[in-house]
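Summary of the model geometry
One letter stands for each residue in the lines below.
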Amino acid sequence: MKTVTRRAGFAILIAMLVILGILTYGFRYIQDGANWASFFGNENVTGTSVLTDRYGVTLATMSSGSITYADDYTTRLACYQVIGDKSGNIGTGALTHFAGRLSGFNYLYGTTNSKGKNVSLTLDASLNVRAYEALGDRPGAVLVSNYRTGEILCMTSTPSQDPADPSDSPAEGTYLNKGISSALTPGSTFKLVTLAAAIDTMPDIYNRSYTCSGSIDIGGDTINCTGVHGTQDIYGALANSCNCAFAQIAQEVGPNALETYADKLGFTESHSMNGIPTAAGRFDKASKGSSFLSWAGIGQYNDLVCPYSMLRYVSAIGNGGSTLEPAILKHGATDRQTSLLSSETAEAMKGFMRNNVTNNYGTGTFPGLQICAKSGTAEVGDGTSHAWFTGFLDDPSHPYAFVVVVEHGGGGLAAAGPIANTVLQALVN
Amino acid sequence: MEEMVRIVVDASKYVLPFLSLWILIRCVRSMLREKYEPEIWGYILDGRNKTTYPLTHWENMLGRTRNADVHLTNRSVQRVHGVLIRDDNGKWKIFDTFSRGRIAVNGKQVQPDGSPIKSGDSLAIGNEPLVFAEISSAKHAQLESRRTRAGRNVGPGLTLFGLTVFQSFLLLQHTLSAKDEHINNVILGFVALILIEWFCYFLMRSIRRNGFEVEILAFFLTTLGLSVVATSTPEDIFKEIILIVMGIVLFFMVGWWLRDLERSKKYRLSVAIVALIFLILNLLVSRVTNGAKNWILLGGFSIQPSEIVKVAYIYVGAATLDRLFQKRNLIVFIGFSAICVMALALMGDFGTALIFFATFLVISFMRSGSFATVALAITGAGLAGFLVLSIKPYIAQRFATWGHAWQDIYGAGYQQTRAMSAAASGGMFGKGAGSGWLKDIVAANTDMVFGVICEENGLLIALCALLAIVVLAFFAVRSAQHGRSSYYVIAACATVSMLMVQMSLNVFGSMDILPFTGVTFPFVSKGGTSLLSCWMLLAFVKASDTRKGASFVVKPAQEEEG
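Read on for an overview of the structure. Predicted, not measured: the structure shown is a model, and the values here were computed from it.

In terms of regular secondary structure, chain B is built from 20 helices and 14 strands. Taken over the C-alpha trace, chain B has a radius of gyration of 25 Å; the compact-globule value for 562 residues is 24 Å, and the two agree within 12%. Per-residue burial over chain B gives 61% buried out of 562 residues. Contacts in chain B between residues far apart in sequence, at least 24 positions, make up 68% of those at least 6 positions apart. With an accessible surface of roughly 21800 Å², chain B has 64% of that area assigned to carbon and sulfur atoms. Where the 53 positive side-chain charges of chain B centre and where its 40 negative ones centre are 8 Å apart.

Have a look at this one:
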């Protein structure tokens, strides 16, 4: 009998699998219970939950069994990816992510005691509309935040669609909130990273001069520049966005320091925007002396940057070195700060970025704005370029940081600059 | 007054989970924590080294392996040498396992079909001389009086009283939420269930049986099932009560039948043939429900033959120790299993086929002890599974939805997403019996009962329901250590495994952790034949419970002596 009774352990094995199943369920319940419970079909959420922008403009209303969206058509399109839809097509959408908060779900009582709740976002819906209209039919993203508080004021992504009348097969990228969920070749905006590393690791950087004859040979490869810039100091090199100069700087800074700065400045990791994960970027270390290292230092090679990470970085520069972690939920001030740069380096970077505007982009392009910026024209290999324009206003009464990306949009200043101007003008005035 | 009732009902939402936990803990203490001493049926005396081996089972294996019940160390003894078996009537027989002709009783070689042996006979195993001694009835009575009586420290009466309080509170919640025209039915239904369980309890006490935990766990689950019926289809509550009564009557009948091991063994072949006829009949005259052809309409009642065949399958699959060492027996059983599983696959009843297959693995492992057999069976089934998936797109679709229910909330994921949503919305304590919305979704009271219970009664009670079956499994395994016959041990372990697999497919299927196969939650899901088969299966668990004075299926030793 002992032979048989010992084999009875097989039933215990199955019992263990059942317990494993129970634990799996428990885990999923903790992880996703809020989302399940806030499914629109859940009739136990009585009352109405409203998702609004910072000024109380309704972005979505949930009452038992149905969702309605903003009244204004363009607002619906401009805020589509931030809000999400009832089918859950956008995983990072507020309807999905703050579902528990909206339905009043908690683990102890589920939604049995719930009357529904209102949730306000930091977003300014009218600003989103301006940004959306400025992007027009070009795919891209606009992010604007207040770098003194971390509040995100504008976050729009194109192409978009009307959640009230969704298409079965929308244009590619519609389901992506590109500001937080995409990672794109950064082009020259990445020179802001290389420069910060150079300031900290090359004591004589301000005394250097770089000569640009239109191209430079590195590691047996030719790196072309956008023009022939002649002899420039480091200010001129950034303002001209000179590839020849930064190809050399990247070599001097070296692969280790460059990688350290890409990591330290938050470009290679995923961040959490009120619990919503953002896309991580990429920086591949190339060996010293190779052209790849130079390309990496000027934002090409395998470099990828999420616009959200860029927003964090320029916010830190504007805010004296530390960034307030950007937030989309409006529940009082956020105070989570991360130091990215020393205050001296931040101050120097601010000077560089202001110099870009005064000496190259032209203050007239941004009338009335105390803007510090960097453009980027990122070659993506198919002959087109992503247009980037990022920076901040050095203005205590208008402390705004911004990132504009137009995919396959051409020149950074030409394509993305005017969008930044339009949105910032709307915000300041 | 109205106000008072409201307060009591609100409070009851928090009382019920703790009450069900209390019931569960009492059952655990009594079934798994109390002393469980072996029965002793005889001795093997070794005159050479003055050793006495007690025979604690009806079936005892003699050999040199460490797992032998009579573990002999003499080099002339085979690893598995012989099997010593006592039958219902107290007659002993010895079998030469592999007929090597190396066992002698009183100097005479043992026959291939076994030789009778009685107290005082000398027994030679290899060249090891032994003496066999039956236990005297006086000695047996003396030993029996020292064994712990079931329920001595944790009285089943009090546990059942706790269950009655649980049912009363649940009923109270229903009276507030039920529609006026159904209130009387619901009250009558619950009162009937309470009367039934107390009737069973006093019936058991009247025949001096005190092990009632298995039944209490089943009644606890049945209560939840009744609650689900009361909330989803209150007009069917009488039908449900009738089915419960029928189930319990069948439980007693199967239990009574299993009391006699010789009789049980004798009819295995007949039962197997009847089971196959049932399945073939089902294949010929079946009605399609949800893509599965597993219903027969018989005189106005729809019955699911596969549910009855479940009981037959275990009845046929279990075997006594003497047969375990004969390869031929296992091969016949494998053939029978293959036909059953194939018939179910042809019907498109994929869930039940899976349950049968899992049970097959348990039985074949317990019979052969070989992981190789199990591995081979799983490989074979995997290949057959691919075949089924390629010819039955309806099943393939269920697999496609598995893990992606939320991506198809209006299609294949409709039921799961509703079940998950409702389940989460109930939190720990639920919304109150009868107050949910999931009950109105198609198949809520069968495939999605877990969701309904989570929503209305809360996650804590739903977990207690899952654990009730798991506790039953641990009890069956514990009882196995003191089982009289491997027939009962295998049957009980196969039963609890079957119940666990079925429950897992139901619960985790509706929660999108496993494929959604539409099988029932034992005792809880509404569904005629399923409820009947669950109660019948329970008799196998009772048959393995050899605690003193515990189970009506197990004859006390004195009864046979006379």
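Next, the rest of the story.
Scanning chain A from terminus to terminus reveals 15 helices and 17 strands. The 429 residues of chain A split such that 59% are buried. Here the analysis covers contacts within chain A between residues at least 6 apart in sequence; of these, 64% occur between residues at least 24 apart. The centroid of the 26 positive side-chain charges in chain A is displaced by 10 Å from the centroid of its 34 negative side-chain charges.

Once that is clear, we can look at the packing of helix α16 (residues 449-457) of chain B against helix α17 (residues 459-480) of chain B. Residue and element names in this part refer to chain B. Where α16 meets α17, the closest approach of the two axes is 7 Å, and the angle between their N-to-C directions is 140°. With respect to α17, the element α16 is oriented oblique. Across from F450, I453, C454 and N457 in α16, the residues of α17 making contact are L459, I461, A462 and L466. Residue classes in the contact of α16 with α17 are distributed as seven nonpolar, one polar and no charged.

A separate point is the pattern of salt bridges. Taken as a whole, this structure holds 21 salt bridges over all chains when the rule is applied. Among the salt bridges present, the one from K350 of chain A reaches E347 of chain A, with a minimum N-O distance of 3.9 Å. Taken together, the residues K350 of chain A and E347 of chain A, both in helix α14 (residues 343-361) and three residues apart, mark about one turn of the helix. Salt-bridge contacts for E39 of chain B lead to R484 of chain B; the nearest nitrogen and oxygen are separated by 2.7 Å. Placement of E39 of chain B in the loop between α1 (2-33) and β1 (42-46) and of R484 of chain B in the loop between α17 and α18 (486-510) is noted, with a sequence separation of 445 residues between them. The network of salt bridges with shared partners includes E39, E144, R147 and R484 of chain B.

Moving on, we get to the packing of helix α4 (residues 180-206) of chain B against helix α6 (residues 237-258) of chain B. All names here are of chain B. Contact geometry for α4 and α6: axes closest at 9 Å, N-to-C directions at 10°. The orientation of α4 with respect to α6, classified from their angle, is roughly parallel. Handedness of the α4/α6 crossing: right-handed. Of the residues in α6, those touching α4 at N185, V186, L188, G189, A192, L193, I196, C200, L203 and M204 are I237, F238, I241, I244, V245, I248 and F252.

Turning next to the interface of chain B and chain A. Contacts between chain B and chain A engage 64 residues on the former and 39 residues on the latter. Both sides together, the interface formed by chain B and chain A hides about 4200 Å², and carbon and sulfur atoms give 73% of it. The tally of links from chain B across to chain A stands at zero salt bridges. At the boundary of chain B and chain A, one finds nine residue pairs in polar contact (both at pLDDT 80 or more). If one sorts the elements of the side of chain B that touches chain A by residue count, α18 of chain B sits on top with eleven residues. For the side of chain B that touches chain A, the residue count by class is 39 nonpolar, 16 polar and nine charged.

Turning next to the pairing of β1 of chain B. Residues and elements named next belong to chain B. With four of its five residues buried, β1 lies for the most part within the structure. With five bridges connecting them, β1 and strand β2 (residues 51-55) associate as antiparallel partners. Bridging from a neighbouring strand, L45 pairs with T52 of β2. Hairpin remark: β1 followed by β2, antiparallel, with four residues in the connecting loop; positive phi at K50, about 55°.

The next thing to look at is the sheet that holds strand β3 (residues 66-69) of chain A. All names here are of chain A. Strand order in the open sheet formed by four strands is β3-β2-β1-β4, with mixed pairing between adjacent strands. Each end of this open sheet is capped by a strand with a single partner; those strands are β3 and β4 (118-120). Direction aside, neighbouring strands of the sheet carry axes that sit 10° apart on average. Sheet topology places strand β1 (residues 48-52) next to β4; three bridges connect them, and they run parallel. Directly across from L51, in β4, lies its bridge partner V119.

To continue, consider the state of the cysteines. Residue and element names in this part refer to chain B. Summed over all chains, the structure comprises zero disulfides over all chains. With no disulfide of its own, C493 lies 18 Å from the sulfur of C534, the closest cysteine sulfur. The buried category is assigned to C493, whose relative accessible area is 0%.

Right, let's get into unusual backbone geometry. Omega for the bond connecting T158 of chain A with P159 of chain A falls within 30 degrees of zero, at -5°, which places this linkage in the cis form. Checked against the element boundaries, P159 of chain A lands in the loop between β6 (152-158) and α8 (178-181). Notably, N106 of chain B is not glycine yet its phi reads approximately 50°, a positive angle. Relative to the helices and strands, N106 of chain B is located in the loop between β7 (103-105) and β8 (108-109).

Note on soluble globular proteins: their nonpolar side chains tend to be buried together. With 188 residues, the main nonpolar core has Y25 of chain A together with L123, F166 and L258 of chain B as its most contacted residues. Per-element accounting of this core gives the leading share, 17 residues, to α18 of chain B. If we skip the residues at most four places from it in the chain, F166 of chain B touches L16, L19, S20, I23, F220, T223, L224 and I461 of chain B. Counting 89 residues, the second-largest nonpolar core is a separate cluster that includes A245, M310, A348 and V405 of chain A.

So, about the sheet that holds strand β16 (residues 385-393) of chain A. Residue and element names in this part refer to chain A. A sheet is described by the order of its strands in space; here five strands give the open sequence β6-β5-β17-β16-β15, paired in antiparallel fashion. Each having just a single partner strand, β6 and β15 (371-379) make up the two edges of the open sheet. Sheet twist, expressed as the mean angle between neighbouring strand axes with direction ignored, is 5°. Sheet topology note: the strand β5 (residues 140-146)/strand β17 (residues 400-406) ladder contains seven bridges and is antiparallel. Paired with G140 across the strands is V406, a residue of β17. On top of the sheet, helix α13 (residues 307-318) reaches β5, β6, β16 and β17; it is set at about 150° to β17, its chief contact. In the packing of α14 onto the sheet, the strands contacted are β15 and β16, and the crossing angle to β15 comes to about 75°.

Thresholds applied
Residues numbered from 1 in each chain as written. Chains lettered and ligands numbered in written order. Predicted model: local features only at pLDDT ≥ 70, side-chain atom pairs only at ≥ 80, totals over all residues. Heavy atoms only, no water. Helix = DSSP H or I, 4+ residues; strand = E, 2+ residues; numbered from the N terminus. Rg over C-alpha atoms; globule rule 2.2 N^0.38 Å. Buried < 20%, exposed > 50% of the residue type's maximum accessible area, 1.4 Å probe, protein only. Contact = heavy atoms within 4.5 Å. Areas by Shrake-Rupley, 256 points an atom, 1.4 Å probe, with all protein chains shown as cover. Lys, Arg positive; Asp, Glu negative; His and termini not counted. Charge placed at Lys NZ, Arg CZ, Asp CG, Glu CD. Axes fitted to C-alpha atoms, helices over the stretch in contact; angles between N-to-C directions. Parallel < 35°, antiparallel > 145°, perpendicular 65-115°, else oblique. Nonpolar A, V, L, I, M, F, W, Y, C, P; charged D, E, K, R; others polar. Salt bridge = Lys/Arg side-chain N within 4 Å of Asp/Glu carboxyl O. Left-handed = near helix turned anticlockwise from the far one by under 90°. Buried area = accessible area lost by both parts, 1.4 Å probe. Polar contact = N/O pair within 3.5 Å; in protein donor to acceptor, adjacent residues only side chain to side chain. Pairing = 2+ DSSP bridges. Disulfide = S-S within 2.5 Å. Core = buried A, V, L, I, M, F, W, Y, C linked by side-chain atoms within 4.5 Å.

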